[in-house]
Structures are given as structure tokens and as C-alpha cells.
Amino acid sequence: MLPNPISAVFAFIFSALIMLYVPAYQTFEKQEDLAYLNTQNAVTNFVDNVRMKGFITPKMYEDFQAQLHGVGDVLYDVELVHKHKIYTPVYTNPEDITTFTDEYRVDYEEFYWPQIEPYLFSDASSTDYDKRIYKLEEGDFFEVYVKNKTKFKSTMLFNFLTGSVGDDEAVVISVPYGGMVLNEDY
């Protein structure tokens, strides 16, 4: 019995698509993996450098951005968070200073990129580029959150073939990293 010519043509087209799709998808996935590893290394290096030194300079931040964008055409959302430690005395009656309990509560005041950026990139001509510095104190926390804004080719290819093209929030790379500032080297 001879096979149906329509099913033979369909089988040929289907097998050709599979032979093209699988290698292309795997290649795009490798590029995505490389971008993730590069992002993780850049964030780790930058945060550890800041934690060990206790400050951020414009050069440190620009080097971080250069390393972050070193692989591929990926755009990132980057959020820097500095949590400054504050000791607040505990009173049984906050209106009466004689009710101090000999205890302190530890609170954190948070600073984000809009508050940090003026220290590094202000247009004040009185401060040299090399002398601009954002200082952190020992015991503070410094964190960086990075996630991709760009949709990867592997995600677009997968969404096209599965029919889920409505997925606009395709966050593939999400790297949160941070820790306590260990030194004040300024």
C-alpha cells in the first residue's frame, strides 16, 4: 500500500522544521546561559568589591556596567540598595527620657540609586571625577538586584512555537546579591 502523498509532504516539512528548530533553540539557549553567567560574575565582583572597600566610585560603577554589558545585546534593570544601620534607643514612654530601658533597636535606613547617583555623577565642577565617592559604613548592607529587560531569542522562539506570544514579562536573568559591608577603606 502506498503512503498518502499529502501525509508524506507533511512529514517531510515537519521533520525539516524539527531539524532546524532544535539546533537553533539550543544555540540561543547557550547564549542565554553565557549572559546569565556574565551577569552573575559582574554582580558578584561589584558587590564584593564594594563590601570590602566600603565605598563606591564612579570608576567602580562604570566598570560594573561595562562588565555587565560585555556579552550580547542585553539590557538590564539594575537596582542598588544601601541599608544604613541606625541604633534607636528604646523607651517605655517615648515622651519621657527618664524611661530609657538601656536597650537599642537596630533599624535600617534605605538608600536607592536615585540617592546614590548624585554622589558619583554630579555635575559639580568643585569635585574631581577621581575624588567622587559614596561612602558606606561597616555593618551596613549593600545589595544589587539585576534582571533582564530584553527578551532573549530562545524565549521568542519557544513562545512562537508554543503559541504563548502574550508573555511580555520574560525575565530569564534575575540576580540578587548582597551582604554586609566589612570594611571602611576610605
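Residues numbered from 1 in each chain as written. Predicted model: local features only at pLDDT ≥ 70, side-chain atom pairs only at ≥ 80, totals over all residues. Heavy atoms only, no water.

Counting residues in hydrophobic clusters, the biggest one holds 27 residues, and the most contacted among them are Phe46, Ile56, Tyr61, Phe64, Leu80, Phe142 and Val144. Of all the elements in the fold, those that place two or more residues in this core are helix H1 (5–53), strand S1 (55–56), helix H2 (58–68), strand S2 (76–91), helix H3 (113–121) and strand S5 (141–148). Of the residues forming this core, the biggest block, six residues, is contributed by H1. The residues contacting Tyr61, other than those within four sequence positions of it, are Phe46, Ile56, Leu80, Trp113, Leu120 and Phe121. (Core = buried A, V, L, I, M, F, W, Y, C linked by side-chain atoms within 4.5 Å. Buried < 20%, exposed > 50% of the residue type's maximum accessible area, 1.4 Å probe, protein only. Helix = DSSP H or I, 4+ residues; strand = E, 2+ residues; numbered from the N terminus. Contact = heavy atoms within 4.5 Å.)

Attention now goes to the pairing of S2. Alignment of S2 against S5, held across eight bridges, turns out to be antiparallel. The partner of Tyr76 across the bridge, within S5, is Asn148. In terms of strand pairing, S2 meets strand S3 (residues 100–112) through 10 bridges, oriented antiparallel. Of the residues in S3, the one forming a bridge with Ile86 is Asp107. (Pairing = 2+ DSSP bridges.)

This part covers the pattern of salt bridges. Scanning the model with the defined rule gives six salt bridges in all. In this structure, Lys149 engages Asp77 in a salt bridge whose closest nitrogen and oxygen atoms are separated by 4.0 Å. Here Lys149, found in the loop between S5 and helix H4 (153–162), pairs with Asp77, found in strand S2; they are 72 residues apart in sequence, far enough to count as distant. In this structure Lys149 comes out as exposed when scored by relative accessible area, which is 53%. Across the pair Glu143 and Lys83 runs a salt bridge, and its minimum N-O distance is 3.5 Å. Separated by 60 residues along the polypeptide, Glu143 in strand S5 and Lys83 in strand S2 bring together distant segments of the chain. By sharing partners, the salt bridges in this structure join Lys83, Glu110 and Glu143 into a single network. (Salt bridge = Lys/Arg side-chain N within 4 Å of Asp/Glu carboxyl O.)

As a further point, take the packing of H2 against H3. At a minimum axis separation of 9 Å, H2 and H3 run at an interaxial angle of 115°. Contacts from Pro58, Tyr61 and Glu62 of H2 reach H3 at Trp113, Leu120 and Phe121. Residue classes in the contact of H2 with H3 are distributed as five nonpolar, no polar and one charged. (Axes fitted to C-alpha atoms, helices over the stretch in contact; angles between N-to-C directions. Nonpolar A, V, L, I, M, F, W, Y, C, P; charged D, E, K, R; others polar.)

Moving on to a nonpolar patch on the surface. There is a patch of nonpolar side chains on the surface, built from Val9, Phe12, Ile13 and Leu17 and spanning about 420 Å² of accessible area. Relative to the elements of secondary structure, Val9 occurs in helix H1. (Patch = residues over 30% accessible without salt bridge, like charges linked within 9 Å, V, L, I, M, F, W, Y side chains within 5 Å. Areas by Shrake-Rupley, 256 points an atom, 1.4 Å probe, with all protein chains shown as cover.)

So, about the side chain of Asn148. With respect to the helices and strands, Asn148 occurs in strand S5. Overall, Asn148 belongs to the buried group, its relative accessible area being 4%. Reaching out from Asn148, the side chain makes a polar contact with the backbone nitrogen of Ile173 at a distance of 2.9 Å. (Polar contact = N/O pair within 3.5 Å; in protein donor to acceptor, adjacent residues only side chain to side chain.)

Another aspect to go through is the packing of aromatic side chains. Using the criterion set out here, one finds 11 aromatic pairs in the structure. Between Phe46 and Tyr61 the ring centres are 6.3 Å apart and the planes differ by 70°, which places this aromatic pair in the edge-to-face class. Taken as a pair, Phe46 in helix H1 and Tyr61 in helix H2 lie far apart in primary sequence, 15 residues in all. With respect to burial, Phe46 and Tyr61 carry one shared label: buried. With a centroid separation of 5.9 Å and 70° between ring planes, the pair formed by Phe46 and Phe142 is classed as edge-to-face. Placement of Phe46 in helix H1 and of Phe142 in strand S5 is noted, with a sequence separation of 96 residues between them. Comparing Phe46 with Phe142 shows no difference in burial state: the two are buried. (Phe/Tyr/Trp six-rings, centres within 6.5 Å; stacked < 30°, edge-to-face > 60°.)

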